[in-house]
Amino acid sequence: MSFVALPGFRDAFPDALARRRRIFDVWRQVATRYGFEEYDGPPLEPLELYTQKSGEEIVEQLYTFTDKGGRSVALRPEMTPTLARMVAQRAAQLRKPIRWFSIPQLFRYERQQRGRLREHFQLNMDIIGEAGPLADAEVIAAAVDVVRALGFGPGEVRVRVSDRRVLAELLTDELGVREPELPGVLTALDKYERAGAAAQAGLGAALGGDAARTEGVARFAARLRDPAPLLATPAAAPLRACVGHLAATGLGAFVEVDFRVVRGLAYYTGIVFELFDAKRELRAICGGGRYDNLLKDVGGVDLPCVGFGMGDVVLGELIAARDGPAAGSPAVDVFVAVVGAEDRPSALALAHALRERGIRVEFALRTQALGKQLELAAARGARHAVVIGPSEREAGEAVVRALETGAEARVSLEHLATEYGFA
RNA sequence: GUGGCUGUAGCUCAAUCGGUCAGAGCGCCGGACUGUGGCUCCGGAGGUUGCGGGUUCGAUUCCCGUCAGCCACCCCA
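Nothing here was measured: the structure is a model prediction, and the numbers come from that model.

Chemist: Would you mind going over the protein's contact with RNA strand B with me for this structure?
Modeler: RNA strand B sits among 37 residues. The nearest are Glu78, Gln112, Arg114, Leu265 and Leu403. Within 4 Å of the protein, the contacting atoms of RNA strand B are 45% sugar and phosphate, with bases supplying the remainder. Take Pro77: an N or O atom from its main chain is 2.9 Å from a base nitrogen of RNA strand B. Take Arg366: an N or O atom from its side chain is 3.4 Å from a phosphate oxygen of RNA strand B. Breaking the surface near RNA strand B down by element, the ones donating at least two residues are helix H6 (182–195), helix H14 (370–380), helix H15 (390–395) and strand S16 (397–402). If one sorts the elements of the surface near RNA strand B by residue count, H14 sits on top with six residues. The residue makeup of the surface near RNA strand B, split by class, is 11 nonpolar, nine polar and 17 charged.

Chemist: Just checking my understanding: could you explain the sheet that holds strand S2 (residues 44–46) for this structure?
Modeler: The strands that make up a sheet pair up through hydrogen bonds in the backbone, lying either parallel or antiparallel. Reading across from one edge, S2-S4-S3 is the order of the three strands in this open sheet, with antiparallel pairing throughout. The sheet is open, and its two edges are formed by S2 and strand S3 (64–66), each paired on a single side. Put simply, the sheet's adjacent strands are angled 35° from each other on average, direction ignored. Pairing between S3 and strand S4 (residues 72–75): three bridges, direction antiparallel. Bridging across to S4, Thr64 finds its partner in Ala74.

Chemist: Can you help me understand the domain arrangement of chain A in this one?
Modeler: In many analyses, interface size is given as the accessible surface area lost on bringing the parts together. For chain A, the domain assignment lists domain 1 (14–323) and domain 2 (334–418). Using only C-alpha atoms to locate each centre, domain 1 and domain 2 end up separated by 54 Å.

Reading the values: rules and limits
- Residues numbered from 1 in each chain as written.
- Chains lettered and ligands numbered in written order.
- Predicted model: local features only at pLDDT ≥ 70, side-chain atom pairs only at ≥ 80, totals over all residues.
- Heavy atoms only, no water.
- Near = heavy atom within 4 Å.
- Polar contact = N/O pair within 3.5 Å; in protein donor to acceptor, adjacent residues only side chain to side chain.
- Helix = DSSP H or I, 4+ residues; strand = E, 2+ residues; numbered from the N terminus.
- Nonpolar A, V, L, I, M, F, W, Y, C, P; charged D, E, K, R; others polar.
- Pairing = 2+ DSSP bridges.
- Axes fitted to C-alpha atoms, helices over the stretch in contact; angles between N-to-C directions.
- Domains from an automatic or database assignment.

This is the structure:
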């Protein structure tokens, strides 16, 4: 009987884990650089936390079960409800604006495909308590700086920014869309770019089968490619300000206004954005926006919020496409080799002394030919091998071999153990 | 959950019309090299051809089912 990981779940072998950790390191660096504090919450939450906001149908997409206490629980599919709950608890005492980030592992039960698994890690950055567009610009800038820190420029990654308020105003004021229809229409518009004409059916449904208004909105959708007219409307003032802030920051080259970006989630209320690879081969790297009503709905505290989620899967694919197979960095600095078994005590003493100094040391776990030991040392990527044999021991020394060049030097064991620099 | 495509050693792949076709390269282990690695040469381990049925004298090859992967839908945290 052999086992493999469940569908959509990943085993993290050392090379893959190294790549993940690099992503995590950059996430933490950038978030910290922006003055964000890290938080975390439980991976398991009451099912109601999600059904309340998103409706019963989302249960189909959750890992749920009943625990031994009879509670309906779910593995968290997203971090925002947890954040809302946590912030609501301490909203009165927390100095606004709140800048928090988290790197949760999230779960979703659905058919996996490329860039979309049943489990992933996601950087969440949110600013809570500030409604102005500089807050939006701040989180967008942070998202861009993550991909910049990973070595991507405007030629590889782009940000598309939009604002639902602009769309909503035109839809209601000029195209006859009624307030209750708005969420459905926005969802249909979000699909328009991907699905094209096929999305028109959803649009019609959202408008109660009203052919005339459907036609009007469809024509509107077809014109969204050109952002200029909408960007000039009064409702676009926050978006213009946000884009201006990003330009002033120096990140303007990454940014383009594109009203075709709507985002699928119902709770977005203002500026929405996404990062994507410039070639458009992958799924969105990151998606986010403003959700000013969510905290009130979930936590009973009325605070404006803006934030994003950036998953490790698509980002990892982007890095892999550029860097090729994960290399994995050396785990060993110095390999201590012995000529014979009688050299072992000296080798162990030296190895331990080096480890005490924080140097990463490995040695062969059984007596082997020196050639074998050096082979292993090279395979490990160690920079140096230290060879101890009878003649060295007699002189109180060891041979230090630089594995890249083959250069060797005899160094006293005392000096090696206490201060020798393996440069 | 629905539909399409795919499934051979750890990895990348090969195997004429169903008939010694179960192989290669890389990787791994060992030897040449009993005090010096990366190269080279030699050898070895590793596969019930995803799994289960069926057709056939005979199936990696054809059919059905199932599981898994990829793609699209759904959904996009």
